[in-house]
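These are the residues of each chain, in order.
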Amino acid sequence: MTNIAGYRRPYPGTQPNHLHPHYVSSIKRAPLRPLVSMPHTLTEITGPLFGTESVDVKACDLTRQHSGDPLGERIIVSGRVLDENGRPVPHTLVEIWQANAAGRYLHKVDQHNAPLDPNFTGCGHTLTDGEGRYRFVTVRPGEYPWRNHYNAWRPAHVHFSLFGPAFATRLVTQMYFPGDALIPFDPIFNCTDDEKARNRLISHFDWENTIPEQALAYRFDIILAGRDATPWEDSRSQLGK
Ligand SMILES: [Fe+2]
């Protein structure tokens, strides 16, 4: 039988706890019994793979999906997707979704009393290039209230979903903006115990990629699996408020 080398498991504390009582819905979702560690088989380490046929080349610009310009501050979000050894992950699918500039999602569950923007859907996707780079044009999402606790507000964030080369490298996470005063109060951000790992969720202001008179830029590198892996957004719920 062939011996299959799986991906390295995360270090303790560098991924969110399944149970984080300050993030109230984790109380219902967290497993009550110890988890069973599954071996990585061919199924987990060889797919699924998404090629160019899965991608609309225009979907990387969220400001060009309607007839008019969306409201808000135009920004560029870019970075690299890296594997557990720091090597680029080429031609891999990166999907994002976010609130509009007023802090409202185009989703029936979102009842926040803020306006929808007819020129902004808030979803995009792209493939990384041969060196693992991705790039989106979008607007800066607004902060929004949620009912986790009294007067709870989420920091501005962009949701990310990646598969990487295999199911074992699947990642759903959130990118935050540097200097956001709400970050220290956010129970979802704080689900990850390790401070260094947690801070990998905060993008960097990216002067080099700003476009004069057009857009500021933020850099968000994503590491799939291994010691320095980007933390999941919470306890594997994949719903993400
Ligand atoms: Fe969100």
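Notes on the structure follow. Residue positions are given per chain, counted from 1 along the sequence in the order it is written. For a predicted model such as this one, the threshold for reporting local features is a pLDDT of at least 70, and the threshold for listing and counting side-chain atom pairs is 80 or more; totals across whole chains, interfaces and linings nevertheless cover every residue. Processing note: side-chain calculations cover all non-hydrogen atoms of the structure and skip hydrogens and water entirely.

### Examining the pattern of salt bridges
- Whenever Lys or Arg places a side-chain nitrogen within 4 Å of a carboxyl oxygen from Asp or Glu, that contact is recorded as a salt bridge. The full count for this structure, using the stated rule, is 8 salt bridges.
- Members of the salt-bridge network, linked through shared partners, are D129, E131 and R133.

### Comments concerning the environment of S26
- What counts as a helix is a DSSP run of H or I of at least four residues, what counts as a strand is a run of E of at least two, and both are numbered from the N terminus. Checked against the element boundaries, S26 lands in helix α1 (residues 25-29).
- Between the C-alpha atoms of S26 and I76, which are 50 residues apart in sequence, the distance is 32 Å.
- In protein, a polar contact means a hydrogen-donor-capable atom and an acceptor-capable atom, both N or O and within 3.5 Å, with residues adjacent in sequence counting only if both atoms are side-chain atoms; elsewhere, any N or O pair within 3.5 Å suffices. A polar side-chain atom of S26 sits 2.8 Å from the main-chain carbonyl oxygen of H20.
- Side-chain polar atoms of S26 contact the backbone oxygen of Y23, separated by 2.8 Å.

### Let's talk about the packing of aromatic side chains
- To pair, rings of Phe, Tyr and Trp, with the six-membered ring standing in for Trp, must have centres within 6.5 Å; the planes then decide the type, stacked if under 30 degrees apart, edge-to-face if over 60, and tilted in the middle. Applying the stated criterion across every chain, the model contains 11 aromatic pairs.
- Between the aromatic rings of Y176 and F189, the centroid separation amounts to 5.3 Å while the plane-to-plane angle is 80°, which identifies the pairing as edge-to-face. Taken together, the residues Y176 in strand β8 (residues 171-176) and F189 in the loop between β8 and α3 (195-199) connect sequence positions 13 residues apart.
- Under the scheme applied here, a residue whose accessible area is under 20% of the maximum for its type counts as buried, over 50% as exposed, and between as partly exposed, the area being computed with a 1.4 Å probe on protein chains only. For Y176, a relative accessible area of 1% corresponds to the buried category.
- Grouping aromatic residues by their ring pairs yields a cluster made of Y134, F136, F160 and F220.
- Working rule: Lys NZ or Arg CZ, within 6 Å of ring centre, within 35 degrees of ring normal, means a charge sits over the ring. Against the face of W146 rests R154, its NZ or CZ located 5.7 Å from the ring centre.
- Between R170 and the ring centre of F163, over which it is positioned, the NZ or CZ distance is 4.0 Å.

### A short note on the environment of R9
- Within the secondary structure, R9 sits in the segment before α1.
- Overall, the relative accessible area of 42% leaves R9 in the partly exposed class.
- Once the C-alpha coordinates of R9 and A225 are considered, the two residues, 216 residues apart in sequence, prove to be 6.9 Å apart.
- Ignoring any residue separated from it by four or fewer positions in sequence, one finds R9 in contact with S37, M38, P39 and H40. Contacts are assigned to residue pairs with any non-hydrogen atoms lying within 4.5 Å of each other.

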